[in-house]
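# Residue-level structure breakdown
Single-letter residue listing:
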Amino acid sequence: MSQPPYRRALVIKLQHHGDVLLTSPVVSTLAAAGIEVDALVFDETKPMIAGHPNLSQLHGIVRNGHRAFGLWGWIKTEWRLLRTLKQRDYDLIVHLTKRRRGAWLTRLLKPRVSVAPEALTDRFWRKSFTHLYFELQGERHMVEVHLDAVRRIGVQPVPESRRLSLALDQTAVDSARALLASHGLAPGGYVHVHPTSRWMFKAWSAEKMATVINALTAAGEKVILTATKDPEEVEMVEAIKKLLERPVVDFTGQLNLKQLGALIADAKLWFGLDSAPMHMAAALGTPTVAIFGPTGENKWAPWMVPHRVVASPEYGCRPCFRAGCGDGRVSDCLVNLPVEPALRAIRELSIEVGRPIALA
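Each value, and the rule that gives it
- Residues numbered from 1 in each chain as written.
- Predicted model: local features only at pLDDT ≥ 70, side-chain atom pairs only at ≥ 80, totals over all residues.
- Heavy atoms only, no water.
- Pairing = 2+ DSSP bridges.
- Helix = DSSP H or I, 4+ residues; strand = E, 2+ residues; numbered from the N terminus.
- Buried < 20%, exposed > 50% of the residue type's maximum accessible area, 1.4 Å probe, protein only.
- Right-handed = clockwise from strand over helix to strand, strands pointing away.
- Polar contact = N/O pair within 3.5 Å; in protein donor to acceptor, adjacent residues only side chain to side chain.
- Contact = heavy atoms within 4.5 Å.
- Phe/Tyr/Trp six-rings, centres within 6.5 Å; stacked < 30°, edge-to-face > 60°.
- Lys NZ or Arg CZ within 6 Å of the ring centre and 35° of its normal.
- Axes fitted to C-alpha atoms, helices over the stretch in contact; angles between N-to-C directions.
- Salt bridge = Lys/Arg side-chain N within 4 Å of Asp/Glu carboxyl O.
- Core = buried A, V, L, I, M, F, W, Y, C linked by side-chain atoms within 4.5 Å.

## Quick word on the sheet that holds strand 11 (residues 288-291)
The strand order across the open sheet built from 6 strands is 9-8-7-10-11-12, with neighbouring strands paired in parallel fashion. If you trace the sheet from one side to the other, it starts and ends with strand 9 (249-250) and strand 12 (307-310), each paired once. Examined bridge by bridge, strand 11 and strand 12 share 4 bridges and lie parallel to one another. Paired with Thr-288 across the bridge in strand 12 is His-307.

## Comments concerning the pairing of strand 11
Burial of strand 11 is two-sided: the residues Thr-288 and Ala-290 facing one way and the residues Val-289 and Ile-291 facing the other way are all buried. Relative to strand 11, strand 10 (residues 269-273) runs parallel, the two being bridged by 4 bridges. Paired with Phe-271 across the bridge in strand 11 is Val-289. In this fold, the crossover linking strand 10 to strand 11 by way of helix 11 (residues 276-283) has right-handed handedness.

## Examining the pairing of strand 1 (residues 8-13)
On any regular strand, side chains alternate: one points to one face of the sheet, the next to the other face. The buried fraction of strand 1 is high, at 6 of 6 residues. Burial along strand 1 is two-sided: the face carrying Arg-8, Leu-10 and Ile-12 and the face carrying Ala-9, Val-11 and Lys-13 are both buried. As judged from the 6 bridges shared by strand 1 and strand 2 (residues 36-42), these two strands associate in the parallel manner. Note on strand 2: the bridge partner recorded for Lys-13 is Val-41. Summarising the sheet, strand 1 and strand 4 (residues 92-95) pair through 4 bridges and their orientation is parallel. Bridge pairing links Val-11 to Val-94 in strand 4.

## Describing the environment of Lys-127
Within the element layout of this structure, Lys-127 appears in helix 5 (residues 123-128). As a C-alpha pair, Lys-127 and Trp-199 span 72 residues in sequence and 34 Å in three-dimensional space.

## Considering the side chain of His-17
With respect to the helices and strands, the residue His-17 is situated in helix 1 (residues 17-21). By relative accessible area, which is 17% here, His-17 ends up buried. At a separation of 3.4 Å, a polar atom in the side chain of His-17 contacts the side chain of Arg-198. Leave out the neighbours within four places in its chain, and His-17 touches Glu-44, Thr-45, Met-48, Arg-198, Leu-257 and Ala-276.

## Some thoughts on helix 10 (residues 257-265)
With 8 of its 9 residues buried, helix 10 lies for the most part within the structure. Among all positions in helix 10, only Leu-257, Lys-258, Gln-259, Leu-260, Gly-261, Ala-262, Leu-263 and Ile-264 are buried. At its buried positions, helix 10 is contacted by helix 1, helix 7 (170-182), strand 7 (191-194), strand 8 (223-225), strand 10 and helix 11. The N-cap of helix 10, judged by a side-chain oxygen 3.2 Å from the amide nitrogen of Lys-258 a few residues on, is Asn-256.

## Details of the packing of aromatic side chains
On inspection of all chains with the given rule, the structure shows 2 aromatic pairs. Aromatic side chains Trp-104 and Phe-124 sit 4.9 Å apart centroid to centroid with 45 degrees between the ring planes, which places their arrangement in the tilted category. Here the residue Trp-104 occupies a position in helix 4 (residues 100-109), and Phe-124 occupies one in helix 5, the gap between them amounting to 20 residues. Over the face of the ring belonging to Phe-321 we find Lys-299, whose NZ or CZ atom lies 5.8 Å from the ring centre.

## Details of the sheet that holds strand 5 (residues 113-117)
Strand order in the open sheet formed by 6 strands is 3-2-1-4-5-6, and the pairing between neighbours is parallel. Only two strands of the sheet have a single partner each, and these edge strands are strand 3 (57-61) and strand 6 (131-133). Averaged over neighbouring strand pairs, the angle between their axes works out to 20 degrees when direction is ignored. The strands touched by helix 4 within the sheet are strand 1, strand 2, strand 3, strand 4 and strand 5, with strand 4 carrying the most contacts at an inclination of about 175 degrees.

## Concerning the pattern of salt bridges
Inspection of the entire model under this criterion finds 23 salt bridges. Close ionic contact of Arg-88 with Asp-38 constitutes a salt bridge, the shortest N to O distance being 2.7 Å. Of this pair, Arg-88 sits in helix 3 (residues 65-88) while Asp-38 sits in strand 2, and the two are 50 residues apart along the sequence. Per residue, the accessibility class of Arg-88 equals that of Asp-38, and both read buried. One network of salt bridges, in which partners are shared, links Arg-140, Glu-144, Asp-148, Arg-151 and Arg-162.

## With respect to the nonpolar core
One finds Val-26, Leu-30, Leu-92, Val-94, Val-150, Ile-153 and Met-280 to be the most contacted residues of the largest nonpolar core, which totals 46 residues. The leading source of residues in this core is helix 6 (residues 142-152), at 6 residues. Setting aside residues up to four positions removed in sequence, Met-280 forms contacts with Leu-21, Met-48, Leu-166, Leu-257, Leu-260, Gly-261 and Ile-264. Met-200, Trp-204, Leu-216 and Leu-334 belong to the second largest nonpolar core, which has 36 residues in total.

Right, here's the structure in full:
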């Protein structure tokens, strides 16, 4: 058996929850090549990759640590992290964002090989890494863009390593199913609707979301709603509930990330926006219908799962990747997206996967 090209790798992804989940195929691909793999992410995103079957160690950084700990506390925390990472003696670093923190760490850790995106063109960035990879913007799915980083340094993905991986612990599964049982629901017996996102300019209107939910409940489907505790998300869920014709189960603000994953995994179908829960649904194999507005489905669509994307064909400007039209946080391509394509997508996908939903 040939020796792996590298002994131990550190994958760095200092971004949001969904972005971290989309790096899981990089961990799987490196491990499939016989490489021991660690990851470094922001502390709050650790649950997205914790428990990955191919991950040796998971390290965390506090976002804006100088604010959280004060200058001296932050310096001590960073020094402890650096010392821990140095002890791991990496010969490969895969840095998957354009954050300079990763460049500094790479310089300090001195791996034999390091790779990062061609995101910045200054000398400091270019000289921090042995290899740079090109990021196609909008034309290529983000999973493939991440995998281009390891392709660049000679590690090719195999089919089974390209899938997303989200590990659910039994405690989360048991507690989520107990919540379902308390509302008379069972695994496979409900449609999961997550109508919000961290970036609410991606959101459809409360009226249209309520129309879809009313169609689901009129067809005899049980519906659960989820969202975070963020005030803007809570406001959206409350606005939707005021328009509902039949009761639904609302778990807004009640779940940790692993419990949310357990509910997604047990759903008959997932419906919502381009968001971290959408990527969780893809990782967990739950058929997914997703509304897309200013963001692009070529780059962010549900990955390797039966799905439908609902987006407006009327706007040649989409995807613009802006925070609404003119960065005004309102997207015309969502405002004018009708309900019928979403209902049709749910109906067609449910039949395709053998879980028919008889929408009128």
